[in-house]
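So the chains spell out like this:
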Amino acid sequence: MDKLEDFYKYHSDVKWYVCIDPLNSWGSHAIDTKTINPQFANWVVYNTGFFKRDGLMDVDPIFEFKGFENLVWHEGSHIYLDHLFAKYKNEIDALSYLFNKQDEGMQRNNISNWTYCLNENVVRSIVGALYKKYRTDRQFKRQVARETASDFIYVADLEPYIYDKYLTSHKYKSFEEFFPEILKFLKKNYPVKN
């Protein structure tokens, strides 16, 4: 969690909770508690399923999830990015031609629109950059390969861009200041084809 806060250059006094979710057989989610009940605005809550899509109803779920840094970095990034995606909605919408909606990975993950697709690509690129900084080279390469194999096709370009231009640079005071550069990078490297 400290590494995630260091990445965003945003530290706050919040309580973090990871909850197992026996009714969720796939995926993890960040719960934005302040939109549900402002009384809990200082809580960051993640729920994680038992990651077995074909689990049987009459068998107890088994929670053997080991990648908690991935869970915290991934789901935590969604929370950090929410306000940026709202702030830059028009710029993000202008890039909607980049949505690879026909790819099997987008359909398997129920990614139904460009904003969701971009959000996941940015989050997974950030996690990749954090793996590059804090994990072994092999762990980093496997993480990025897993994402690109799952049709998060912009991770291969965004991860090194985020790592080089933001994570290892002192040019930006925060990720919030850097975020518009990601949108410019995508527009430049993936222009509209007429």
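Please read all numbers here as calculations on a predicted model, not as lab measurements.

1. A closer look at the pattern of salt bridges
Okay, so step 1: In the structure shown here, the tally under the stated rule is seven salt bridges.
Okay, so step 2: A salt bridge links Asp93 to Lys89; the nearest nitrogen and oxygen atoms lie 2.6 Å apart. One end of the pair, Asp93, and the other, Lys89, are both in helix H4 (residues 89–93), four residues apart, so they sit about a helical turn from each other.
Okay, so step 3: Judged by its relative accessible area of 47%, Lys89 is partly exposed.
Okay, so step 4: One salt bridge connects Glu104 with Arg108, and the closest N-O pair in it is separated by 2.5 Å. Linking Glu104 with Arg108, this pair stays in helix H5 (residues 104–108), spanning four residues, or about one helical turn.
Okay, so step 5: Assessed through its relative accessible area of 30%, Arg108 is described here as partly exposed.
Okay, so step 6: Members of the salt-bridge network, linked through shared partners, are Glu120, Arg124 and Glu147.

2. Some words on the packing of aromatic side chains
Okay, so step 1: Tallying each qualifying case throughout the model produces 18 aromatic pairs.
Okay, so step 2: With 5.2 Å between their ring centres and 85° between their planes, Tyr166 and Phe175 make a pair best called edge-to-face.
Okay, so step 3: The buried category is assigned to Tyr166, whose relative accessible area is 1%.
Okay, so step 4: The buried category is assigned to Phe175, whose relative accessible area is 0%.
Okay, so step 5: Through a chain of ring-to-ring contacts, three or more aromatic side chains come together here, namely Phe7, Tyr8, Tyr80, Phe85, Tyr88, Tyr161, Tyr166, Tyr172, Phe175, Phe178, Phe179 and Phe185.
Okay, so step 6: Over the aromatic face of Phe152 sits the side chain of Arg124, whose NZ or CZ is 3.7 Å from the ring centroid.

3. Let's talk about the packing of helix H8 (residues 155–167) against helix H9 (residues 175–189)
Okay, so step 1: Two numbers describe how H8 lies on H9: the axes approach to 11 Å, and their chain directions differ by 140°. As far as their axial angle goes, H9 and H8 are oblique. The handedness of the crossing between H8 and H9 comes out as right-handed. On H9, the residues that touch Asp157, Leu158, Tyr161, Ile162, Lys165 and Tyr166 of H8 are Phe175, Phe178, Glu181, Ile182, Phe185 and Leu186.
Okay, so step 2: The residue inventory of the contact of H8 with H9, partitioned by class, reads nine nonpolar, no polar and three charged.

Cut-offs applied
Residues numbered from 1 in each chain as written. Predicted model: local features only at pLDDT ≥ 70, side-chain atom pairs only at ≥ 80, totals over all residues. Heavy atoms only, no water. Salt bridge = Lys/Arg side-chain N within 4 Å of Asp/Glu carboxyl O. Helix = DSSP H or I, 4+ residues; strand = E, 2+ residues; numbered from the N terminus. Buried < 20%, exposed > 50% of the residue type's maximum accessible area, 1.4 Å probe, protein only. Phe/Tyr/Trp six-rings, centres within 6.5 Å; stacked < 30°, edge-to-face > 60°. Lys NZ or Arg CZ within 6 Å of the ring centre and 35° of its normal. Axes fitted to C-alpha atoms, helices over the stretch in contact; angles between N-to-C directions. Parallel < 35°, antiparallel > 145°, perpendicular 65-115°, else oblique. Left-handed = near helix turned anticlockwise from the far one by under 90°. Contact = heavy atoms within 4.5 Å. Nonpolar A, V, L, I, M, F, W, Y, C, P; charged D, E, K, R; others polar.

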